[in-house]
Amino acid sequence: MIDMIENIQKEDPEVFTIIEKEMERQRNQLNLIPSENYCSRAVLEASGSIMTNKYAEGYPKKRYYQGNRFIDDVETLAIERAKKLFNAEHANVQPNSGSPANMAVYFALLEPGDKILGMNLSHGGHLTHGSPVNFSGKFYNFAEYGVDRETERLDMDVVRKIAEKEKPKLIVSGYTAYPRLIDFKEFHSIAEDVGAISMADIAHIAGLIAGKVHPSPLPFTDVVTTTTHKTLRGPRSAIILCKEKFAKKIDMAVFPGIQGGPHEHTIAAKAVAFAEAMKPEFKDYTQQIVKNAKTLAETLMENGIKLVSNGTDNHLILMDLINTKSVGKDGMGKHGAEALEEAGIITNANTIPFDPSTPFRPSGIRLGTPILTTCGMKKSEMKVIGEWISKILNNLDNQKIRQKIKEEVRELCSRFVFY
Ligand SMILES: *Cc1c(COP(=O)(O)O)cnc(C)c1O
């Protein structure tokens, strides 16, 4: 990997050194952030290519500048591949990231002040699903549904009742911290029955959907947004998929609505990633992600760690430290995540449903298996990692344990080098 950036080494040793250190970090730590992944060298190469040099405001064959013949080719290829991969009528591959993709959808289909129904943020919704500090919460009027207190899963009858009462213009499904399958069919049916637009934000699970290990919201959902850098394992970016009847409005909202010149190097990298996701190996990869998450979840539970909803159906796990006996109090997520980091195990503190603490001092830790699986780890490694995580969390005041595990983490990482 370092060989790909030899010019930076020559021209700018300062930046090179930082990249080199981050490379070492990615190599020597166990990265369990569920929204991250390691993309292929082919994706990295496209993303670092000369396609970055071209201005291409507009859409293929309808550009404001000359010289876009090959840019049109690559963007058209990305669009066709995205439509095929997800079985969509229309694809816009220009959004720079997940948040602007969601912004474009709201701007395209709603007026400021309109009502949107989304998931309570502390139950797993994203910032762009109505946080008061985000544009979404400032411009739109959000109503919310959450998970059931007992099962910690969505109860679609309750979602339906809330939708019937609130009569939103748009209903959002798809989350950042929900470890269970999402019933997109029922979401769409509820939206149809209350006269709302259905939107699925599949940022986290797009790869699982492409690999057919999670049910797809397409082709029936009105609009689907997704990042491309999470389980889908592409470059840091996003796309919007929609029914033909919304295509024009969506395209106008992305450009000229909120963005200027599209990042064609990233669009080229998305095209590469979509082709990779159509290969049979990608299906095997996503099956392994879920198997690994299940093994990791079981190991944690066997060691007394309480998991939200007692397990997982996808790539992510949410640990509930309040109901983990050895911790047993709220607001310990950050402390737990920092203890894990000392051992080289990277996770993130996260709220849990009905968290009595604040988002700044959450009571849970979120983790997942996309990167470990990309690195080739399987069941036996998941068991070992699950034991390590449990040992650290069950002995939060014992520094020695984390120092010892740090050595073992390094040794394991050295056997699973990806780049
Ligand atoms: C990650 C994520 C986003 C935002 O993506 P960014 O690229 O970070 O802007 C939006 N929605 C959901 C559900 C996400 O998980």
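Residues numbered from 1 in each chain as written. Predicted model: local features only at pLDDT ≥ 70, side-chain atom pairs only at ≥ 80, totals over all residues. Heavy atoms only, no water.

Comments concerning the packing of aromatic side chains
Describing an aromatic ring pair means giving the distance of the ring centres and the angle of the ring planes.
Right, so step 1: Counting across every chain of the model gives 16 aromatic pairs.
Right, so step 2: With centroids separated by 6.4 Å and ring planes inclined at 80°, the aromatic side chains of Tyr-145 and Tyr-175 adopt a geometry described as edge-to-face. Highlighted residues: Tyr-145 in strand β6 (residues 141-145) and Tyr-175 in the loop between β7 (170-173) and α8 (184-194), separated in sequence by 30 residues.
Right, so step 3: Among the aromatic residues, those joined into a cluster by ring pairs are Tyr-106, Phe-107, Phe-135, Phe-139, Tyr-140 and Phe-142.
Right, so step 4: The side chain of Arg-149 reaches across the aromatic face of Phe-354, ending 4.1 Å from its centre.
Right, so step 5: The ring of Tyr-285 carries Arg-233 above its face, with NZ or CZ at 3.9 Å from the centroid. (Phe/Tyr/Trp six-rings, centres within 6.5 Å; stacked < 30°, edge-to-face > 60°. Helix = DSSP H or I, 4+ residues; strand = E, 2+ residues; numbered from the N terminus. Lys NZ or Arg CZ within 6 Å of the ring centre and 35° of its normal.)

Thoughts on helix α15 (residues 379-394)
Right, so step 1: Here α15 is 16 residues long and its end C-alpha atoms lie 22 Å apart, about the 22 Å a rise of 1.5 Å per residue gives.
Right, so step 2: Listed as buried for α15 are Glu-381, Met-382, Ile-385, Gly-386, Trp-388, Ile-389, Ser-390, Ile-392 and Leu-393. (Expected span 1.5 Å × (residues − 1). Buried < 20%, exposed > 50% of the residue type's maximum accessible area, 1.4 Å probe, protein only.)

Considering empty space enclosed by the protein
Right, so step 1: Under the definition given, this model contains three cavities of 30 Å³ or more.
Right, so step 2: Computed from the structure, the largest cavity encloses a volume of approximately 110 Å³.
Right, so step 3: As for the largest cavity, its lining consists of 15 residues, and the residues nearest its centre are Gln-26, Arg-27, Tyr-38, Cys-375 and Phe-416.
Right, so step 4: Elements with a contribution of two residues or more to the lining of the largest cavity: α2 (13-28) and α14 (370-374).
Right, so step 5: Of the residues forming the lining of the largest cavity, the biggest block, three residues, is contributed by α2. (1 Å grid on protein atoms, 1.4 Å probe; cavity = no way out; pocket = protein on both sides within 12 Å on 5 of 7 lines; lining within 4 Å. Points joined across faces, edges and corners; volume = space filled by probe spheres on them.)

Describing the side chain of His-214
Right, so step 1: Along the polypeptide, His-214 turns up in the loop between α9 (206-210) and β9 (223-227).
Right, so step 2: Those residues within four positions of His-214 in sequence are excluded, and the remaining contacts are Arg-180, Leu-181, Ile-182, Phe-184, Ile-205, Leu-208 and Ile-209. (Contact = heavy atoms within 4.5 Å.)

A word on the site of the ligand
Right, so step 1: Looking at the ligand, there are 13 residues lining it, with Ser-97, Gly-98, Ser-99, Asp-201 and Lys-230 nearest.
Right, so step 2: At 2.4 Å from an oxygen atom of the ligand is found a side-chain nitrogen or oxygen belonging to Ser-97.
Right, so step 3: A distance of 2.8 Å is found between an oxygen atom of the ligand and a backbone nitrogen or oxygen belonging to Ser-99.
Right, so step 4: Contact with the protein chains removes 86% of the 380 Å² of surface that the ligand exposes when unbound. (Near = heavy atom within 4 Å. Polar contact = N/O pair within 3.5 Å; in protein donor to acceptor, adjacent residues only side chain to side chain. Areas by Shrake-Rupley, 256 points an atom, 1.4 Å probe, with all protein chains shown as cover.)

Brief notes about the domain arrangement of the protein
Right, so step 1: Each assigned domain of the protein is listed here: domain 1 (45-277) and domain 2 (284-413).
Right, so step 2: Its C-alpha centre places domain 1 at a distance of 29 Å from the equivalent point of domain 2.
Right, so step 3: Listed as interface residues are 23 residues of domain 1 and, on the opposing side, 25 residues of domain 2.
Right, so step 4: Where domain 1 abuts domain 2, roughly 2100 Å² becomes buried across the two surfaces, and 57% of that area is made up of carbon and sulfur atoms.
Right, so step 5: Summed over the three residues of domain 1 that lose the most area to domain 2, namely Glu-152, Pro-179 and Arg-180, the buried surface amounts to 29% of that side.
Right, so step 6: One can count two salt bridges joining domain 1 with domain 2.
Right, so step 7: Residues Arg-180 and Asp-313 are paired through a salt bridge, measuring 2.9 Å at the closest nitrogen-oxygen approach.
Right, so step 8: Across the contact surface, domain 1 and domain 2 share 13 residue pairs in polar contact (both at pLDDT 80 or more).
Right, so step 9: Classifying every residue of the side of domain 1 that touches domain 2 by side-chain character gives nine nonpolar, eight polar and six charged. (Domains from an automatic or database assignment. Buried area = accessible area lost by both parts, 1.4 Å probe. Salt bridge = Lys/Arg side-chain N within 4 Å of Asp/Glu carboxyl O. Nonpolar A, V, L, I, M, F, W, Y, C, P; charged D, E, K, R; others polar.)

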